[in-house]
Amino acid sequence: QVQLVESGGGLVQAGGSLRLSCAASGIIFSINGMGWYRQAPGKQRELVAAITSGGSTNYADAAKGRFIISRDYAKNTVYLQMNSLKPEDTAVYYCNARIRRSLADNEYSYWGQGTQVTVSS
């Protein structure tokens, strides 16, 4: 089995910072892309930031200039540094990873359980 475990969410005032972490564990042969999504109440889940196996990054417009995604390949971990947080950033943040469990296996998408980020005004 593969698990993605997130941490680092919480309550912060507007203008503050949080750092989210997501560690993948289990039977893992390789990890391709990793990313962070978020879902606010009453809204669809949306991409926040993503990073490829080669280190290329992609950000939603709302995250550009404020959030930084990074990856520790040795630890199978992806991070999201969130700065200058705004109340509209309030959401459940989910980690996603595309993982192959063996050379012969297909690549599958896995999700973490989500971590709540609340930004107060």
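What counts, and at which threshold
Residues numbered from 1 in each chain as written. Predicted model: local features only at pLDDT ≥ 70, side-chain atom pairs only at ≥ 80, totals over all residues. Heavy atoms only, no water. Helix = DSSP H or I, 4+ residues; strand = E, 2+ residues; numbered from the N terminus. Rg over C-alpha atoms; globule rule 2.2 N^0.38 Å. Buried < 20%, exposed > 50% of the residue type's maximum accessible area, 1.4 Å probe, protein only. Disulfide = S-S within 2.5 Å. Contact = heavy atoms within 4.5 Å. Polar contact = N/O pair within 3.5 Å; in protein donor to acceptor, adjacent residues only side chain to side chain. Pairing = 2+ DSSP bridges. Axes fitted to C-alpha atoms, helices over the stretch in contact; angles between N-to-C directions. Phe/Tyr/Trp six-rings, centres within 6.5 Å; stacked < 30°, edge-to-face > 60°. Lys NZ or Arg CZ within 6 Å of the ring centre and 35° of its normal.

### With respect to the overall build of the protein chain
Right, so step 1: When helices and strands are tallied, the protein chain shows 0 helices and 11 strands.
Right, so step 2: Reading the secondary structure of the protein chain in the N-to-C direction produces β-β-β-β-β-β-β-β-β-β-β.
Right, so step 3: Taking 2.2 N^0.38 as the reference for a compact globule, 121 residues should give roughly 14 Å; the C-alpha atoms of the protein chain span a radius of gyration of 14 Å, in line with that estimate.
Right, so step 4: C-alpha extents for the protein chain along the principal axes are approximately 50 × 25 × 25 Å.
Right, so step 5: The 121 residues of the protein chain split such that 38% are buried.

### Looking at the state of the cysteines
Right, so step 1: Applying the stated criterion across every chain, the model contains 1 disulfide.
Right, so step 2: Between the sulfur of C22 and that of C95 lies a disulfide, 2.1 Å long from S to S. With the S-S bond torsion at -80°, the cross-link from C22 to C95 turns out left-handed. Taken together, the residues span a long stretch of sequence, with C22 in strand β3 (residues 18–26) and C95 in strand β9 (residues 91–100) at a distance of 73 residues.
Right, so step 3: Looking at C95, the relative accessible area reads 0%, which means it is buried.

### Here's the deal with the environment of S109
Right, so step 1: Looking at where S109 falls in the secondary structure, it is placed in strand β10 (residues 107–111).
Right, so step 2: Expressed as a C-alpha distance, the spacing of S109 and N58, which sit 51 residues apart in the sequence, is 18 Å.
Right, so step 3: For S109, the residues in contact, after removing those within four places along its chain, are N96, A97 and R98.
Right, so step 4: A polar contact is formed between the side chain of S109 and the side chain of N96, at a distance of 2.7 Å.

### Some details on the sheet that holds strand β1 (residues 2–7)
Right, so step 1: In space, the 4 strands of this open sheet follow the order β1-β3-β8-β7, with antiparallel pairing throughout. On the outer flanks of this sheet lie β1 and β7 (67–72), each paired with one strand and no other. When strand polarity is set aside, the average angle formed by the axes of neighbouring strands in this sheet is 15°.
Right, so step 2: Pairing between β3 and strand β8 (residues 77–82): 6 bridges, direction antiparallel. For R19, the partnering residue across the bridge sits in β8 and is Q81.

### Let's talk about unusual backbone geometry
Right, so step 1: Of note, the phi angle at N76 is positive, near 50°, even though the residue is not glycine.
Right, so step 2: Of note, N76 is situated in the loop between β7 and β8.
Right, so step 3: Residue S84 is not a glycine yet carries a positive backbone phi of 50°.
Right, so step 4: In this fold, S84 is placed in the loop between β8 and β9.
Right, so step 5: On the basis of relative accessibility, which here comes to 42%, the residue S84 falls in the partly exposed class.

### Considering the packing of aromatic side chains
Right, so step 1: Applying the stated rule across the entire model yields 1 aromatic pair.
Right, so step 2: Ring centres of Y37 and W111 lie 5.0 Å apart, and the angle between their planes is 65°; on these two criteria the pair is classed as edge-to-face. Here W111 lies in strand β10 and Y37 lies in strand β4 (residues 30–39), a separation of 74 residues in the sequence.
Right, so step 3: With relative accessibility at 37%, the residue W111 sits in the partly exposed group.
Right, so step 4: The aromatic ring of Y79 is capped on one face by R19, whose charged end is 4.1 Å from the ring centroid.
Right, so step 5: Here the basic side chain of R45 rests over the ring of Y94, its NZ or CZ set 3.7 Å away from the ring centre.

The analysis is restricted to geometry; functional conclusions fall outside its scope.
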